[in-house]
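Descriptive structure summary
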Amino acid sequence: MKIQYPAAEEVFAIFRQLNQIPRPSHHEERIADFLCAFAERLGLAYDRDAHNCVVIRKPATPGHEHAEPVVLLNHMDMVCVGMKDPLNDPVKAVVDGDWMSAEGTSLGADNGVGLSMALAVLQDDSIVHGPIEVMTTTNEEDGMTGAAGLSPDFLKGRKVINLDSEDYDTITVGAAGACLQLHRIPYVPEPAPGGKRRWYRISISGGRGGHSGVDINKGRASAVVLAWAVLASIYNDYDFHLSSIQVGEANASIASSAEIVVCVPSGEAAEFVKAQEDNLNEWIRSEYGDKDPDVNCHIVKCEPRDTVIPTPVFEALLTALEGTPQGVVKMSETMKGTVETSNNVGVIDTREDHILVSTHTRSFIDDDMTRLAGEIAERFAEVGAKSETVMTAPAWQENTDSRFLALTSQVFYDVLGWHPRQVAMHFVLEAGYFKQKYPGIEIACIGPRILEPHSTGERLEIHTVEDIWKVLVQLLARMA
């Protein structure tokens, strides 16, 4: 893997190290160990909290000790799409021209490249800066429990450069709020029916998936919608039983795959396979052929299962999903082309005594988010499910007239020759938590161009890393 941009060489060297360390959400112990060892190697002070969040502190360049402290903010977890064993598999990055991607998996550039920049600043003593805190949180991608659990004294700085952005030509100055809910439909497994039955595995694969905030309005196929469609069709036409259902890869992603195991009377088997596979694939092509051309459904015979899900429970799942919004709920009237409110069903999973369904509701209007999340919980309650709110992150809007944002924009102009746009994005950032916990904090969110995060199509435009690195170095010097 050859990178041709020498000023950011150390950034990519660190990124290669990070991608050898599995770091799915909820399992960040090894990457936190790496960060602490990184600090110790450089002789820098650090703190690590009970959630494995790590802050590393670097003193100011001599002569700049009285400058205001600057926080470089990132998260250490990634969404591991396409990995057979996310707890052990490294990311294998490949370079094609000016683009970096991964072999069959998500790349982890979200937020690994930003974190690599922050760590490169720590180890480069030629950079002029005031006091620096490199703040790295955990579980940003699946609940933001790291940021939510930070103590009020964990951070000293009040000027934050958040390097968790995928939009190279912008400064993100606002983000949607989010509410992550888990809904559990209880059941007691029943013995599989006797008699002559054929068992089939219905697989949905090839979807582009993507970030359930950034990509929610791009018309991509959600495997949740496709799974509902095929199950509803079977329900209307066949005497069948559902044994298990697994849909989706992460709560914050558009589901790209599904696996469903069912059994049908043997006399209906041949018709079942041909009719369902052909009909669903024809519908997929007509609905998503231009937006998601590789998604498909495949039905194959499989080994019999010992148990099935009771039919009333299966019916409850279909009813709840039918009443749950999937995708864009409302576009903004004040921010042209921006999604204001959305909902994504990220994961459906058969557990030992319940079916788990996750919903991720987002909005720039906190009251609208709360109301929609409440309505979704009511839909599930109507079918006997219990709902749990795992995370509620507040929407965030920065003061766009701040001197800090003006300075950041000016540095872009001085270094790259253009002023970035200031935008609010329909993804969730930890900024809302930091605003709540640390009064007076100001946040500018910048980063290189990353396309299709949270998907196997995730790719990083390499020269934009070089550009953002130059902006970051110059911004630190100006702030010192």
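Our subject in this report is the structure included herewith.

Scoring rules and cut-offs
Residues numbered from 1 in each chain as written. Predicted model: local features only at pLDDT ≥ 70, side-chain atom pairs only at ≥ 80, totals over all residues. Heavy atoms only, no water. Helix = DSSP H or I, 4+ residues; strand = E, 2+ residues; numbered from the N terminus. Rg over C-alpha atoms; globule rule 2.2 N^0.38 Å. Buried < 20%, exposed > 50% of the residue type's maximum accessible area, 1.4 Å probe, protein only. Contact = heavy atoms within 4.5 Å. Areas by Shrake-Rupley, 256 points an atom, 1.4 Å probe, with all protein chains shown as cover. Lys, Arg positive; Asp, Glu negative; His and termini not counted. Charge placed at Lys NZ, Arg CZ, Asp CG, Glu CD. Salt bridge = Lys/Arg side-chain N within 4 Å of Asp/Glu carboxyl O.

As for the overall build of the protein
A tally of helices and strands in the protein yields 11 helices and 24 strands. Here the C-alpha radius of gyration of the protein, 24 Å, is about what a compact globule of 480 residues would show, namely 23 Å. Expressed as lengths along the three principal axes of its C-alpha atoms, the size of the protein is roughly 85 × 45 × 40 Å. Put simply, the protein has 480 residues, and 57% of those count as buried. Taking as baseline every contact in the protein between residues at least 6 positions apart, the subset at least 24 positions apart corresponds to 79%. Carbon and sulfur atoms form 48% of the exposed surface of the protein, whose accessible area is close to 19,100 Å². Side chains of the protein carry 41 positive and 69 negative charges; the gap between the two charge centres is 2 Å.

Observations regarding the pattern of salt bridges
With the rule as written, the count across this model stands at 22 salt bridges. In this structure, the salt-bridge partner of E452 is R208, at a minimum N-O distance of 2.8 Å. Separated by 244 residues along the polypeptide, E452 in the loop between strand 23 (450-451) and strand 24 (459-461) and R208 in the loop between strand 11 (197-205) and helix 5 (223-237) bring together distant segments of the chain. A relative accessible area of 10% means that E452 is categorised as buried. D368 serves as the salt-bridge partner of R371, at 2.3 Å between the closest nitrogen and oxygen. On the criterion of helical spacing, the pair formed by R371 and D368 is a turn pair, its members being three residues apart in helix 8 (residues 366-382). Since its relative accessible area comes to 47%, R371 is described here as partly exposed. Salt bridges sharing partners connect three or more residues here, namely R208, D215, K218, R220, E452 and R459.

Describing the environment of P325
Mapped onto the secondary structure, P325 falls in the loop between helix 7 (311-322) and strand 16 (327-331). When the C-alpha positions of P325 and V345 are compared, they lie 8.4 Å apart, and in sequence the two are 20 residues distant. Beyond its immediate chain neighbours, meaning those up to four positions away, P325 contacts N343, L372 and I376.

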